[in-house]
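# A closer look at the structure
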Amino acid sequence: MSILTPEQKVIQRSAREFVAKEIIPIAAQCDRSGEFHPQVLEAARESRIFAMAVPRDLGGLDYDALTQALVLEEWGYGCAGVGTTLAASVLSMDSVLVAGNDEQKKMFFGAMVDGAIGSFGLTEPNAGSDAGNGKATAVKVEDGYVLNGSKCWITNGGYADVFVIYALTDPAAGARGLSAFVVEKGTPGFTIGTVDHKLGIRSSNTVELLFKDVKLPLTALLGKEGEGMKIAMKTLDMARPAIAALSVGLAQRALDVCVQHLQEAHPDPKIQPGQTLQFKLADMRIQIEAARQLLHHTMNLRDAGVPYSTESAMAKTCCSDMAMKVTTQAVQVMGAWGYTHEPAKLMRDAKIMQIYEGTNQIQRLVISRAVLPPPRPAQPTQKGGN
Amino acid sequence: MSILLTEEQQLIGQSARDFAKEYLEPIAVELDHTASYPAALVKNLAAHDFLGLFLPGEFGGAEAGFVSMAQVIENLSRASAGVASILVNHSLAAYALQRWGTPAQKQAFLPALASGETLGAFAAFEHGPRPGVGPQALQATHLPEGWVLSGTKAFVRNAGAAQVYVVLAGTDPAAGGKAVAAFIVKADAVGLTVGEPLETMGLRGCPVADLDFEHVVLTDAALLGDLKDGQAITAETFALASVAEAAQTLGIAQAAVEHAAAYAKTRIQFGRPIASLQAIQTLLAETATDCHLGRLGLLQAADLIDRGEPFRVEAAMLKQFLARVGSRLLVDTVQVEGGFGYSEFMPLPRLFRDIAGTTLLEAPADFPDATIAASLLA
């Protein structure tokens, strides 16, 4: 465990209580039906937890980065699908925090404070890891922009009130022509397409967004035209640790579920699991704790205002790979019981952590550039000197 | 690889491949959705001699051996590992009967199992940690009226579909699971009920449920082998299950790696197919290496069975190896396909869910380590 302030401990405890009361009881049912969980949002409204990243002067909870991670860890522990709803909403907010002006912040965060959720739309069928390869356009007209195209695998899309959408204002310039916009639900021409059914995080809502001649005001533009890629990357730097936090919670859940089952299956003190199993549980604990500490360290860096981009990528990769390993181990050591009970869900949920918000291959690309920077062009040699 | 297989073994493998293409591929997705037992398809498996593939000819089997059986299981699993699971569990029961049955028991059960007239099931697991251990353990007591079985077998594959079960039961509650015997139980035995089918992550279509025994009375002729054979039946059937599961795992992984490779060639990112990226090539290459080594281990273990030599240790090594890499094969191939690979509209999620099952189902997690170590420390 990390050393937490009294305030962080209180928030962690209340998140744990909320999760135990509102999320854990519905998690299996939501997973089975693959349906969203609006009642959790209703329950969360009072606590304003969806506004945990919103600054205090705009009515939010203004949690520091570590505290946000603690909350997400608890939500990931309850259900990674429901946790993804919270993480994706925070993700959309991060874009507004990065580049929004006061009016945009007021509009976007005001909605959050009132209990709305947000959604972040960057990915397209041909623009996954290659985020700059999108086709959606926002053509400048006299009094605004006209948005056309589609986005896919957009978390929260069917339930969000406010969106951050990325589209090309200068298609010829490729990624350099990408811009970010704030878009409200119900804007004429903006509709929801196919709902995806996924291997895991089944209760989270994943949809296609369709834009047909959607008229946006000039004030919808976040930052400047062409800054979209920069905003998206900064947003993802901020948001990636959220996936790490969900992963840590998910993995902790896997361990706890195993332990609980073993205690029930071995009531006889004379017939206890052998070392093969005991050591596997110990390995799970080691991996969870090591990954959690990298996450908390990354959050401490962000709270201290120092660069944390590489750590953010490392935390996301380490924690999600760890969650995949630990949940797989949970299914394996629990055998037929694990395969027919909760460990199976946790294993399916864990897989997305290695994929979304930048695949772990993209994270390794980021990290490898910090490890082995490309050589600088040779400097002309100075005459004389030493 | 083909240098190790006889022409007959290759032909049998090919016939399973053809069967899978013609009959399994069209229904595999639907079967995964409904999870309803495919009775007609199982009849069709029988018509193709797959249900009695390794059984002796005198009982109507094809006498084709376990190398051939491995080919069949692998090829069926490429298309539907759920259907392959039905065959695998049936075969475990058939193997135990063939290996330890008296001539009368063999004559009574094997011809019907080989022809597909009856389906078999092997019931090893319980809710407790070991057969015969824990409050709901299945206990067999020898009373004047015969053997009386009471308790519950858990997670029984083919439960409800099978007409004959081979079940492991404790014979001495004080022995902590050390005293185990195998019994042949017909599905219509008085006092035997099949529980609600369990929802499983994958291998769907092969039913899984509890078997509840309430004072089920069996004659002495229902005992398989003798009382001291129980441990050997347990261990050898677990070993056989590990070999069969390895074939399933490799079939699933092969289907996945082929799909992922085809995807990587057509998926354009950064202006080129992702197949041209070294990071993707590494994922595919490591998967292919693990499949190759696993397949060599599988063939060797199957060959030992065919030669009538001890194979428990090799089977345990195979299980240990695939427990380590098996699930990772799908974790990595899904990764190649990214967001597409995670969507249930695409094929890999089913394979991901299936392979998690084939790397663990039919033996306890510490079976391989204990078996391998015992051979070193003997």
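Residues numbered from 1 in each chain as written. Chains lettered and ligands numbered in written order. Predicted model: local features only at pLDDT ≥ 70, side-chain atom pairs only at ≥ 80, totals over all residues.

## Considering the overall build of chain B
Short version of the rule: In this description a helix means any DSSP run of H or I spanning at least four residues, a strand means any run of E spanning at least two, and both kinds are numbered starting from the N terminus. Between the two quantities, the radius of gyration covers C-alpha atoms and the globule rule is 2.2 Å times the number of residues to the power 0.38. Burial is judged by counting the other C-beta atoms within 10 Å of a residue's own C-beta: 20 or more makes it buried, 12 or fewer makes it exposed, and any count in between marks it as partly exposed, with every C-beta position built from the backbone. Think of it this way: build a C-beta for each residue from its backbone, and any pair within 7 Å is a contact.
Each helix and strand in chain B was counted, giving 11 helices and 10 strands. Scaling as 2.2 N^0.38, a compact globule of 378 residues should have a C-alpha radius of gyration of about 21 Å, and chain B matches this with 21 Å. Its C-alpha atoms give chain B principal-axis dimensions of roughly 80 × 45 × 40 Å. Counting every position in chain B, which comprises 378 residues, the buried fraction comes to 57%. Excluding contacts between residues fewer than 6 apart, the proportion of contacts in chain B whose partners are at least 24 apart in sequence is 74%.

## Description of the domain arrangement of chain A
A common way to state how big an interface is: give the accessible area lost once the parts meet. Residues and elements named next belong to chain A. As a reminder of what qualifies: Each domain's extent is set by a domain assignment, obtained either automatically or from a database. In the scheme used here, Gly and all other residues not listed as nonpolar or charged are polar, with Ala, Val, Leu, Ile, Met, Phe, Trp, Tyr, Cys and Pro taken as nonpolar and Asp, Glu, Lys and Arg as charged.
The domains assigned to chain A are domain 1 (6-117), domain 2 (119-226) and domain 3 (229-371). Computed from C-alpha coordinates alone, the two centres of domain 1 and domain 3 are separated by 20 Å. Between domain 1 and domain 3, the contact holds 22 residues from the first and 24 residues from the second. Contributions of two or more residues to the side of domain 1 that touches domain 3 are made by helix H3 (65-78) and helix H4 (80-99). No other element matches H4, which puts 11 residues into the side of domain 1 that touches domain 3. When grouped by side-chain class, the residues that make up the side of domain 1 that touches domain 3 number 12 nonpolar, 5 polar and 5 charged.

## Section: the nonpolar core
Definition in use: A set of buried Ala, Val, Leu, Ile, Met, Phe, Trp, Tyr and Cys residues, joined to one another through C-beta atoms within 7 Å, is what we call a nonpolar core.
Of all hydrophobic cores here, the largest spans 261 residues; its most connected members are Phe181(A), Ala96(B), Val166(B), Phe183(B) and Val243(B). When residues in this core are grouped by element, the largest group, 18 residues, is from helix H7 (residues 230-266) of chain B. Those residues in contact with Phe181(A) that sit more than four places away from it in its chain are Ala138(A), Tyr145(A), Ile165(A), Ala167(A), Leu216(A), Ala220(A), Leu221(A) and Leu222(A).

## A few points about the packing of H7(B) against helix H10 (residues 348-358) of chain B
Residues and elements named next belong to chain B. Worth spelling out the cut-off: Axis geometry follows a simple rule: fit a line to the C-alpha atoms, using only the stretch in contact for helices, then measure angles between N-to-C directions, giving values from 0 to 180 degrees. For classification, angles of less than 35 degrees are called roughly parallel, those exceeding 145 degrees roughly antiparallel, those between 65 and 115 degrees roughly perpendicular, and all remaining angles oblique. Put simply, a crossing is left-handed when the front helix is turned counterclockwise from the back one by less than a right angle, and right-handed when it is turned clockwise.
Running from N to C, H7 and H10 cross one another at 160°; their axes reach a closest spacing of 9 Å. The orientation of H7 relative to H10 falls into the category roughly antiparallel. The handedness of the crossing between H7 and H10 comes out as left-handed. In this structure, H7 contributes Glu 245, Gln 248, Thr 249, Ile 252, Ala 253, Ala 255, Ala 256 and His 259 to the contact, and H10 contributes Leu 348, Leu 351, Asp 354, Ile 355 and Thr 358. By residue class, the composition of the contact of H7 with H10 is 7 nonpolar, 4 polar and 2 charged.

## Quick word on the interface of chain B and chain A
Of the residues lining the interface, 40 residues belong to chain B; the matching set on chain A comes to 34 residues. Of all the secondary-structure elements, those providing two or more residues to the side of chain B that touches chain A are strand S9 (268-269), helix H9 (312-342) and H10 of chain B. In terms of residue count, H9(B) provides more of the side of chain B that touches chain A than any other element does, 8 residues in total. Taken together, the residues that form the side of chain B that touches chain A break down as 22 nonpolar, 13 polar and 5 charged.

## Section: helix H5 (residues 102-113) of chain A
Helical geometry: 3.6 residues make up each α-helical turn, so side chains three or four residues apart lie on a common side. Residues and elements named next belong to chain A. Definition in use: A helix is expected to span 1.5 Å for every residue after the first. Note that the arc is defined by the directions from the helix axis to the C-beta atoms.
Helix length check: H5 (12 residues) gives 15 Å between terminal C-alpha atoms against 16 Å at 1.5 Å per residue, within 8%. Burial in H5 covers these residues: Gln 104, Phe 108, Phe 109, Ala 111 and Met 112. Seen along its axis, H5 keeps its buried residues to an arc of 150°; they face one direction. Facing away from the buried side of H5, by more than 90 degrees, are the exposed residues Asp 102 and Glu 103. Against the buried residues of H5 lie H4, strand S1 (118-121), strand S4 (162-168), strand S5 (178-184) and strand S8 (221-222). One or two positions beyond H5, positive phi appears at Gly 115, with a value near 105°.

## What to know about unusual backbone geometry
Non-glycine residue Asn156(A) carries a positive phi angle of around 75°. Tracing the sequence through the fold places Asn156(A) in the loop between strand S3 (144-155) and S4. One non-glycine residue, His215(B), adopts positive backbone phi at about 50°. Of note, His215(B) is situated in strand S7 (residues 208-218). The class for His215(B) is exposed, based on 12 C-beta atoms found within 10 Å.

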